[in-house]
Each structure stands twice: as C-alpha cells, then as structure tokens.
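Analysis of the macromolecular model
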There are 2 protein chains.
Amino acid sequence: MTKPGTLFLIPNVIAEGTADEVILPGVKQVIKGIQYFLAEDIRTARRFVSSLKVFDSVEALQFSVLNKDTDAAELNNLLKPLINGNDMGIITESGCPGVADPGALAVAFAQQKNIRVVPLVGPSSLLLALMGSGLNGQQFSFHGYLPVQRADREKAIADYEKDSRKKGVTQIFIETPYRNNQVFESFLHTLAGDTLLCVAVDITGPAESIKTRKVSEWKKHKTEWPKLPAVFLFLAR
Amino acid sequence: MTKPGTLFLIPNVIAEGTADEVILPGVKQVIKGIQYFLAEDIRTARRFVSSLKVFDSVEALQFSVLNKDTDAAELNNLLKPLINGNDMGIITESGCPGVADPGALAVAFAQQKNIRVVPLVGPSSLLLALMGSGLNGQQFSFHGYLPVQRADREKAIADYEKDSRKKGVTQIFIETPYRNNQVFESFLHTLAGDTLLCVAVDITGPAESIKTRKVSEWKKHKTEWPKLPAVFLFLAR
C-alpha cells in the first residue's frame, strides 16, 4: 500500500501584495515542494503562488476547487493525489485555511484517514485583531458573521453581550466590507455604553487600524468605515 | 507634547530553537528598532531576543516585567518609555502576546491612551491546532485551562460538550504539560463516544502531532502523552 502524502495548510496574505512581509521563507520552501493544491478560487490561488516566485513555472501545478459548495462526497476524489502518496496544500482566499473558511472539510477527511496534517505559520486577521484589541485573550469566542437582517442582528448582539458580561468572554465577528458601517451602527445601537468595542480594519495592510473604545466614546464621533476587511470584537463589563 | 511611540506585540517561538522557522525576517527587523521591552520573564525574553542575532549587544536593551501578578496601577510606570515617545515591544513566554497571556493588560492601557498598537505575525499554538484539527473553524471558543479538581473539571467538560452540541462550536483548551494525561483521561471519561476530540502536541516542534479521533476510537488504544505543551479541542455532534 502506498504511504499517503502530507496535507499542508498554507497561509495566504490578508492584504494584497504583502507576501514578502507575512509569508515565512520556510513556508515558501514547503510550497515549492508541492504540486497539488486545493483552493477556494483557482485564479487567485494561482496568482498568490506565482507571487511567491518559488516556481520556475506555475503551469504544471494542479489546482482543484474546495469551497463552501464542496460536498463531503467529493473529498475522496479531490484528495486522491494525497491518498496516492503526494503532498497536497490547501490555500484559502485570505489568511489561514481551516479558520473561518471551508478548508476544515478536507482536514477532517485527512484526519479520518489517519493522514498527516501540518498547519503552517501565517497571518490570521482574527488572531492579530484579538492581540491588538487589549480585550480578554484568556477567554474568547469567534462567531463568524452576524445575521444580515437588522432586527435579528441586534437581537444576536444583545445575546452575545449578555454572555460576555456573565463569563468575561471576548466576542469576535467578521463582516463583508460593504456591510461594515451597518454592523458598526448595530453595535452602537445595541451595546451598553461601557462595553469595550474594538474595530480592526485592514490588518497587515497599509491602512491598518485597531482601535478599542467604550461604546459611549465611539458614539461621540461619527465614524465612517472604509470598505476594507474588518474584525469586530467586544467585551462587556 | 511628545508623540507617543508604537506598542508592538512580538511573537515568540512555541518550540525551543525554532526562531529561524517561525519568526519572519520583517519581525526581526522591527525588533531591531526597539530598545524597551515588556516580558513575562526577563531572562528567557533576553535569550529569545539574543537568539534572533539582530543586535550587536543585548546589554543595552531595557526589559521590564509584565506578568500575571502585574497590577493595572503599575502600567503608567511600566509604559513610561512608550508615553515618552519610544517604541516598546511586548514579548510573551510562548507564541503571541495578548492571547492566553497577561500582555493584554498593557495593550488595553495603550488603547485607552490612544497609542498605536501593532500586532506582528507569528506562531500561535491555539490557531495552528484549530487549523490542523479539521473541527469547526467558523465558530470556536477558547476557554484557557480546565479546573484542576477532577470532579469540577469533568462537570465543566460536560457543560462545554452540551454547549458544543447545541451550537456546533469547537471548544478549545490548553493545559500545563505535566497534567496532559489527567486532562485527556477526563475527556475520555466524560465526552460522548462520537464527539470528535483533537490533541495537538508540540506544535511547530520536532514531535509535532495533531490528531482528531472520535472519543470511542481514542478509547480503543491506551495513549500516553509526553510532558510537552498541548492544545485540546473537541466538537460534539
């Protein structure tokens, strides 16, 4: 029986054009040894791998799609190169695969088959935002996206605030950039004045800003957020 | 009025002697420009900074202690260099400052004073374990350490499992290495047979192992864990 390959979790940049700053030389070397990749979007993954300048040609590399529409039944086929003894890499659209993205599906499959999984060190906007927030890093919860409908969203925020006040937990959320201002408004509208709210925008990018203020302080100045990736965190007291 | 400096959050290695693999060249360059550091333990922080080989001499660098016994009232004094216009760096004992360590205290102080905070990309055992686990990375909670007393610990595990089953949340814990086997036993004793349990040991180190199994499968083979840093994660179904 062939020994299966190793499944590497390859970090991508968070902000465009920052590969030299956030991708380790050792990670580039690992990527150089891989020929088979799974990616949320093949075009952007090819562009990322190409930007690392470790391959003479990226034409020979083989990319398959693993995204939110991928069904567990397709995994056997998608991971055939791995099962057949080749190393494979998972590349996400932004940051670390397996965190707030569909990569976990393939990792779960590999774990089930007793195949070695190796996560590589790279940038995570969630983790960097938490570090920079100054909020509780000893207990925190990540909830992904808040509901799209305003009433549902504000109900959810109120529930998470209650939970935060009771347990001292930092609550973490992401949002699609064009909805930053709506979500921020919902936080201001729903949270108590002395709850600490952190907005982390364009992490690792040229416009990086990580600011933690009491909700009552945020309310004093009208803030207009750019359409850039953002992480929202709060801690109730 | 003097413009304050920038507070940098400096990642440390997780596994001894891996600085070349996990610390970015750009992070080393940032450290090179800093003269004032806060550290949990001055001796090990000096050794870490020295191992990066960016300073001609580390003798001139100034280290102050910021640990779990630091009182918020001492921060004004500890962060005086920052307020006076110098950049400062926070170094934790392992991985990323502000996550599962006391660094957040100084970050909160800087945020309150409107001082710029910049988290630097580096290794986090929690994040790498989550990536490699294949468990839900769209919703997860970190709880730090479980209770030391067995009965309390197993009660806590049962409560977290109920929560995980209800909300689909991955539950994450750390443990002091000499207690790995006790905690593992408590997981096996308390969790349901089809709950997925991941044990991630010696992340980024030579003995790195990240394995996710059903509790019923873990029970089939007696596993003895080494006294190495570990992250435990589970997801109930």
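Criteria and thresholds
- Residues numbered from 1 in each chain as written.
- Chains lettered and ligands numbered in written order.
- Predicted model: local features only at pLDDT ≥ 70, side-chain atom pairs only at ≥ 80, totals over all residues.
- Heavy atoms only, no water.
- Helix = DSSP H or I, 4+ residues; strand = E, 2+ residues; numbered from the N terminus.
- Buried < 20%, exposed > 50% of the residue type's maximum accessible area, 1.4 Å probe, protein only.
- Polar contact = N/O pair within 3.5 Å; in protein donor to acceptor, adjacent residues only side chain to side chain.
- Contact = heavy atoms within 4.5 Å.
- Axes fitted to C-alpha atoms, helices over the stretch in contact; angles between N-to-C directions.
- Parallel < 35°, antiparallel > 145°, perpendicular 65-115°, else oblique.
- Left-handed = near helix turned anticlockwise from the far one by under 90°.
- Buried area = accessible area lost by both parts, 1.4 Å probe.
- Nonpolar A, V, L, I, M, F, W, Y, C, P; charged D, E, K, R; others polar.
- Pairing = 2+ DSSP bridges.

In this structure, His143 of chain A sits in the loop between β6 (140–142) and α8 (150–167). Owing to a relative accessible area of 17%, His143 of chain A belongs among the buried residues under this scheme. In this structure the side chain of His143 of chain A is engaged in a polar contact, spanning 2.6 Å, whose partner is the side chain of Gln171 of chain A. Once residues lying within four places of it in the same chain are set aside, the contact partners of His143 of chain A are Tyr160, Gln171, Ile172 and Phe173 of chain A together with Gln138 and Gln139 of chain B.

All names here are of chain A. Between α8 and helix α9 (residues 180–190), the least distance of the axes is 10 Å, while the angle of their chain directions is 55 degrees. When the interaxial angle is binned, α8 and α9 end up oblique. For the element pair α8 and α9, the recorded crossing hand is right-handed. Here α8 contributes Arg150, Arg153, Glu154, Ile157, Ala158 and Glu161 to the contact with α9, which in turn contributes Gln182, Val183, Ser186, Phe187, His189 and Thr190.

Interface extent is often summarised as the accessible area lost during association of the parts. With 49 residues of chain B at the contact, the number on the chain A side is 49 residues. Both faces combined, the contact of chain B with chain A buries some 3700 Å², and carbon together with sulfur accounts for 59% of it. Summed over the shared surface of chain B and chain A, the number is 16 residue pairs in polar contact (both at pLDDT 80 or more). At the level of elements, α1 (19–22), α6 (104–112), β5 (117–119), α7 (125–133), β6 (140–142) and β9 (209–214) of chain B are the ones that each hand at least two residues to the side of chain B that touches chain A. By residue number, the principal contributor to the side of chain B that touches chain A is α7 of chain B, which donates seven residues. In the side of chain B that touches chain A, the residues fall into 28 nonpolar, 16 polar and five charged. With three bridges connecting them, β6 of chain A and β6 of chain B associate as antiparallel partners. What sits directly across from Phe142 of chain A, in β6 of chain B, is Phe140 of chain B.

What follows covers the sheet that holds strand β10 (residues 230–235) of chain A. Taken in spatial order, the ten strands make up an open sheet running β9(A)-β8(A)-β10(A)-β7(A)-β6(A)-β6(B)-β7(B)-β10(B)-β8(B)-β9(B), and their pairing is mixed. Edge positions in the sheet fall to β9 (209–214) of chain A together with β9 of chain B, since each has one partner strand and no second. Averaged over all pairs of adjacent strands, the angle between strand axes in this sheet comes to 15 degrees, irrespective of strand direction. Bridge analysis of strand β7 (residues 170–175) of chain A against β10 of chain A gives five bridges, and the strand direction is antiparallel. Note that in β10 of chain A the partner of Ile174 of chain A across the bridge is Val231 of chain A. The strands touched by α7 of chain B within the sheet are β6 of chain A together with β6, β7 (170–175), β8 (196–201), β9 and β10 (230–235) of chain B, with β10 of chain B carrying the most contacts at an inclination of about 45 degrees.

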